[in-house]
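A structural walkthrough
Each chain, written out:
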Amino acid sequence: MLKQLKGLFKDSSIYGLGEFMNKGTQVLFLPLIFRYLPTEDFGILEYFLTFKNLFAVALGWGVITSIQRFGDEREGHSLKSVVSSSLYSMIFIDLVISLLLCVGAYFWMDDLLGENLFEASLITIITSFLFALRSIPFGILRLKREPTKYLIVSFSNIIIYLLITSILIVNFNLTFMAFLYGGLIGISVSTLLGYIYVSELLSFNLNLGLAKRMYVFGASVLTTSLCFVLLTSTSRLFLSFYGSFVDVAIVGIAIKLSLFVGAILVAPFGL
């Protein structure tokens with residue numbers, strides 16, 4: 001029992017550190033925001049980051065929890081089959097949804113925000129798609145109890161995101177687009193690294209019955225996650241219509257500061 005508790009504490013502490021970095025290190029972006037980003041541009045950035053959070057959850061389909069459930073050897077499925085079935089199904093479903101989102105953004109984004117922001121919309125959708133894809137190696141690393149690799153994958157995203165954003169905003173004056181490009185490059189490298197870690201499980205072993213069961217099971221988790229994201233995001237979405245992007249920026253700064261506190265006091269208890 002003592003050995004099990006020791007292992008649980010070790011794994012949880014590393015996962016907790018990963019959650020802290022994902023949320024708490026957002027404060028590292030504040031000097032860039034205050035020094036280089038106009039208030040209205042930060043409001044526009046927060047608007048797209050809100051959509052990114054919403055799309056990433058929706059496209060992820062709660063697959064991390066499904067992998068925890070169906071990847072258990074007692075379920076009678078090989079781990080390769082679980083990985084392949086979830087991956088190929090996600091790629092197909094999310095590509096269709098992402099393409100529909102891109103078409104919608106092309107025709108309606110300018111009318112919605114009154115700006116030439118299709119490029120920002122496109123980057124946001126691609127970034128969300130990559131976040132969803134990364135959830136599969138995250139689920140595998142948790143299932144296999146490899147928290148150090150989990151931490152490296154998570155940490156790589158933050159470091160590259162911060163580095164690329166700093167270079168683009170300081171040297172090229174890209175304002176809010178620097179953050180979107182930085183986020184895209186960061187999650188691209190992080191996702192690639194995650195799949196390198198689980199590469200031995202990648203094969204063409206699609207089980208449509210298993211994939212259906214996984215995504216039906218994940219839908220219950222997805223519903224809860226979407227409700228939470230909508231509750232925390234709707235204020236910024238509606239402020240752009242009934243106020244201005246300056247109002248969105250003020251709320252966004254308050255939320256970024258609260259993330260640091262939440263990362264310390266709240267996130268570790270969700271493990």
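Residues numbered from 1 in each chain as written. Predicted model: local features only at pLDDT ≥ 70, side-chain atom pairs only at ≥ 80, totals over all residues. Heavy atoms only, no water.

Applying the stated criterion across every chain, the model contains 12 aromatic pairs. When the ring of Tyr106 is compared with that of Phe107, the centres are 5.1 Å apart and the planes differ by 90 degrees; the resulting orientation is edge-to-face. For the pair formed by Tyr106 and Phe107, the shared burial category is exposed. Ring centres 5.4 Å apart and planes at 85 degrees place the aromatic pair Tyr106 and Phe118 in the edge-to-face group. Here the residue Tyr106 occupies a position in helix α5 (residues 79-113), and Phe118 occupies one in helix α6 (residues 118-143), the gap between them amounting to 12 residues. Through a chain of ring-to-ring contacts, three or more aromatic side chains come together here, namely Tyr47, Phe48, Phe51, Phe55 and Phe245. Directly above the ring of Phe70 sits Arg69, whose terminal nitrogen or CZ lies 5.0 Å from the centroid. Positioned above the aromatic ring of Phe217, the side-chain terminus of Arg69 is 5.1 Å from the ring centre. (Phe/Tyr/Trp six-rings, centres within 6.5 Å; stacked < 30°, edge-to-face > 60°. Buried < 20%, exposed > 50% of the residue type's maximum accessible area, 1.4 Å probe, protein only. Helix = DSSP H or I, 4+ residues; strand = E, 2+ residues; numbered from the N terminus. Lys NZ or Arg CZ within 6 Å of the ring centre and 35° of its normal.)

Below, the discussion takes up the nonpolar core. Among the nonpolar cores identified, the biggest contains 60 residues, and Ile33, Leu37, Leu45, Ile136, Phe176, Phe179 and Leu180 are the most heavily contacted of them. Setting aside anything within four residues of it in sequence, one finds Phe176 in contact with Leu37, Asp41, Ile44, Leu45, Leu117 and Ala120. (Core = buried A, V, L, I, M, F, W, Y, C linked by side-chain atoms within 4.5 Å. Contact = heavy atoms within 4.5 Å.)

Here the structure, examined in full by the defined rule, presents 2 salt bridges. Glu200 is paired through a salt bridge with Lys144; the nearest N and O atoms lie 3.0 Å apart. A residue pair is termed long-range when its members are at least 10 positions apart, and Glu200 in the loop between α8 (176-197) and α9 (208-242) and Lys144 in the loop between α6 and α7 (147-171) qualify at 56 residues. A residue is classified by how much of its surface remains accessible, and Glu200, at 40% relative accessible area, is partly exposed. Residue class for Lys144 comes out partly exposed when judged on its relative accessible area of 32%. Between Glu146 and Lys149 there is a salt bridge, with the nearest N and O atoms lying 3.8 Å from each other. (Salt bridge = Lys/Arg side-chain N within 4 Å of Asp/Glu carboxyl O.)

In this section: α6. Under the 1.5 Å per step criterion, the end-to-end length of α6 is 38 Å for 26 residues, consistent within 8% with the ideal 38 Å. Burial within α6 is extensive, with 19 of its 26 residues counted as buried. Immediately beyond the C-terminal end of α6, within one or two residues, lies Arg145, with a positive phi of roughly 55 degrees. (Expected span 1.5 Å × (residues − 1).)

Along the chain, Arg134 falls in helix α6. Polar contacts involving the side chain of Arg134 include one to the side chain of Ser190, which spans 2.9 Å. If near-sequence neighbours (up to four positions away) are discounted, Arg134 is found in contact with Val153, Ser154, Asn157, Ile187, Ser190 and Thr191. (Polar contact = N/O pair within 3.5 Å; in protein donor to acceptor, adjacent residues only side chain to side chain.)

Quick look at the packing of α6 against α7 now. Between α6 and α7, whose axes approach to 9 Å, the crossing angle comes to 155 degrees. Regarding the angle of α6 to α7, the classification is roughly antiparallel. Touching Phe131, Arg134, Phe138, Leu141 and Arg142 of α6 are Lys149, Tyr150, Val153, Ser154 and Asn157, all from α7. For the contact of α6 with α7, the class distribution of residues is 5 nonpolar, 2 polar and 3 charged. (Axes fitted to C-alpha atoms, helices over the stretch in contact; angles between N-to-C directions. Parallel < 35°, antiparallel > 145°, perpendicular 65-115°, else oblique. Nonpolar A, V, L, I, M, F, W, Y, C, P; charged D, E, K, R; others polar.)

A separate point is helix α4 (residues 63-70). Count 3.6 residues to each turn of an α-helix, and residues three or four apart come out pointing the same way. Those residues of α4 not exposed but buried are Val63, Ser66, Ile67 and Phe70. Taken end-on, α4 shows its buried residues confined to a sector of 100 degrees, consistent with a single buried face. (Arc of directions from axis to C-beta.)

Turning to the confidence of the model for the protein, a few remarks are in order. In this model, the protein carries an average pLDDT of 83, and 83% of its residues clear a pLDDT of 70 or more. The lowest-confidence element of the protein is helix α1 (residues 2-24), averaging 60 in pLDDT; the highest-confidence one is α8, averaging 96. (pLDDT = per-residue confidence, 0-100.)

At Asn173, a residue that is not glycine, the phi angle is positive and equals roughly 55 degrees. Mapped onto the elements of the fold, Asn173 is located in the loop between α7 and α8. One non-glycine residue, Thr175, lies in positive phi territory at about 50 degrees. Here Thr175 is to be found in the loop between α7 and α8.

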